[in-house]
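Structural overview for review
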Amino acid sequence: MSSQEPPVSTAPRPAVAAVVVLAAGQGTRMRSATPKVLHPLGGRSMLGHVLAAAEPLGAATTVVVVGAGRAAVEAHLARIAPAALPVLQEEQRGSGHAAAIALDAVPDLAGTVLVVNGDAPLLRVATVEALVRAHVEAGNALTVLTAEVSDPTGLGRIVRDGDGAVRAIVEERDATPEQRAIGEINAGVYVGDAAALRSALGRIGADNDQGELYLTDVLGLLVGDGAPVGGARADDPADVLGCNDQRELADRRRTLNDRVLDDLMRSGVTVVDPQTTWVDVTAGVAADAVLHPGTQLLGTTTVAAGAVVGPDTTLVDTEVSGGASVLRSHCVGAVIGPDVTVGPFSYLRPGTRLGRGAKVGSFVETKNVEVGEDSKVPHLSYVGDATIGRGANIGAATIFVNYDGVTKHHTTVGDHVRIGSDTMLVAPVTVGDGAYTAAGSVITSDVPPGAIAVARAPQRNVAGWVRRRRSGTPAAKAAEAAEGRVEAAGSSRSEAPGADTEQ
Ligand code: UD1
Ligand code: CA
């Protein structure tokens, strides 16, 4: 699997009692109907990334503060983290207000709590663990994750005293010019003692430029109490970047993808063009797989060693086995067996399972179909709701007619069957082992093993029709010339003009 984690320390994991994710904010700057924390990147929502970064802490309690787009966020949460407790913040009165509501929702909670902004999708497990460890080792009441960034615009600044001790976090809009010059910023990730947090959150005010209750003010209050607080710098400043608008979302997505591809290439995957290759954090690619330009591996897609994907191929929740190649195709929920070839221009839909050595070719759509070993669907076909045996060949432009307008029906095609080009297989229908169908047939009843089914109108030739009905056209002239040649050759079979012959 591709993991975007640096090697995780083997030191024992400090215990964290609860994780609190702040995800109630509007995200106004996204200018989107989708709540900010639900915007996807790299295979997860922003919220999903934050939860994944905290997951290995093994906290017994996870609280997610919801507000803006609450219904959608709660529905998403129920899907990705059903054990998490959504807590409603009716009115978005600031991050401090949100944190206080979260802690109020779990009144018995004591011990170490991780509080994290919901819009920090690049946060990594190792970074969170290092922060927690620094907090526990220092015996702090509160430790804040910080980073040195080249452009701190819009972020809270970390104010340290002459000894380097953290004294306060000041939001940019409330900062003095000297404070604005500080390059160390607040990442929006905090580890604190539950009791200390409760005490300080009970005392924060809204005396700031936005008139909001700032979580960041907790730090200064605890300093005032003489409580031990600290700041832990992230190794990689990219880890802590928030995401406030579409431009930043695109940047975060690119950074995340770069990390995934770096890991893959380090592990032995060939990525021909990292600029146009996109791999979700949830996808897995084995060493010695080859990804050509324009490849997207999404969801739970896995690609085995020796498989070749792309160019210009999107795989969603698809499994590609060793030796397979998938070229210029779109596949969703498919299982592509060893040494299979797919494409160019194939569309594999959910439930497609291709056995070893099978082939699906150009302009073929498949859905809910099992294709046996070495069977081929080479061109221009629709194959839905079917079982195809081994060694069968499905002729060009065959349609599995699976839908009667109300219900979907199944088609069974046996081993070594030859389906003639342009066959309609009207389901439910079975074509027995070794049977053939004649090209252009509409097959509505079962074909016994070894039979050939011919289900098409007999051919009728109307001689001389073009000469009579299209006289003077190039076709008629060509026909006359051809007939002249036949007569010149002394054929006694030439007919009297005007006679119709039906064969
Ligand atoms: C916040 C920090 C800032 C830090 C930055 C890092 C504060 C006051 N400032 O600023 O120091 O550098 O994150 O990205 O916290 N939220 C709620 N309810 C609210 C308001 C906010 O749940 O009423 C949530 C938001 O959904 C978000 C988080 O709290 O996940 C932070 O809020 P946001 O408005 O994004 O704060 P920033 O201005 O980014
Ligand atoms: Ca933010």
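Residues numbered from 1 in each chain as written. Chains lettered and ligands numbered in written order. Predicted model: local features only at pLDDT ≥ 70, side-chain atom pairs only at ≥ 80, totals over all residues. Heavy atoms only, no water.

1. What to know about the site of ligand 1
In the vicinity of ligand 1 lie 22 residues, with Leu22, Gln89, Ser95, Glu171 and Asn186 positioned nearest. Gly156 places a polar main-chain atom, nitrogen or oxygen, 2.9 Å from an oxygen atom of ligand 1. Asn186 is positioned such that a nitrogen or oxygen atom in its backbone is 2.6 Å from an oxygen atom of ligand 1. Taking 740 Å² as the accessible area of ligand 1 by itself, protein coverage stands at 89%. Judged by the fraction of its atoms near the pocket grid, ligand 1 is located in the largest pocket. Listed by contribution, the elements that provide at least two residues to the shell around ligand 1 are strand E1 (18-23), helix H3 (95-105) and strand E10 (184-193). (Near = heavy atom within 4 Å. Polar contact = N/O pair within 3.5 Å; in protein donor to acceptor, adjacent residues only side chain to side chain. Areas by Shrake-Rupley, 256 points an atom, 1.4 Å probe, with all protein chains shown as cover. 1 Å grid on protein atoms, 1.4 Å probe; cavity = no way out; pocket = protein on both sides within 12 Å on 5 of 7 lines; lining within 4 Å. Sits in = over half its atoms within 2 Å of the grid points. Helix = DSSP H or I, 4+ residues; strand = E, 2+ residues; numbered from the N terminus.)

2. Regarding the packing of H3 against helix H6 (residues 194-201)
Between two packed helices, the angle of one axis relative to the other and the distance separating the axes together describe the packing. In contact at an axis separation of 10 Å, H3 and H6 are set at 130° when each is read in the N-to-C sense. Our classification of the angle between H3 and H6 gives oblique. As for how H3 packs across H6, the hand of that crossing is left-handed. In this structure, H3 contributes Gly96, Ala99, Ala100, Leu103 and Asp104 to the contact, and H6 contributes Ala194, Leu197, Arg198 and Leu201. (Axes fitted to C-alpha atoms, helices over the stretch in contact; angles between N-to-C directions. Parallel < 35°, antiparallel > 145°, perpendicular 65-115°, else oblique. Left-handed = near helix turned anticlockwise from the far one by under 90°. Contact = heavy atoms within 4.5 Å.)

3. Examining the domain arrangement of the protein chain
If you check the domain split of the protein chain, you get domain 1 (18-240) and domain 2 (254-453). Summarising the inter-unit geometry, the C-alpha centres of domain 1 and domain 2 are found 46 Å apart. Contacts between the two partners involve 10 residues from domain 1 and, on the opposite side, 6 residues from domain 2. Together, the buried faces of domain 1 and domain 2 total about 660 Å²; carbon and sulfur atoms form 61% of this surface. On the domain 1 side of the contact with domain 2, Gly42, Gly43 and Leu122 bury the most area, a combined 57% of that side's loss. Arg259 serves as the salt-bridge partner of Asp236, at 3.5 Å between the closest nitrogen and oxygen. The class makeup of the residues in the side of domain 1 that touches domain 2 is 3 nonpolar, 3 polar and 4 charged. (Domains from an automatic or database assignment. Buried area = accessible area lost by both parts, 1.4 Å probe. Salt bridge = Lys/Arg side-chain N within 4 Å of Asp/Glu carboxyl O. Nonpolar A, V, L, I, M, F, W, Y, C, P; charged D, E, K, R; others polar.)

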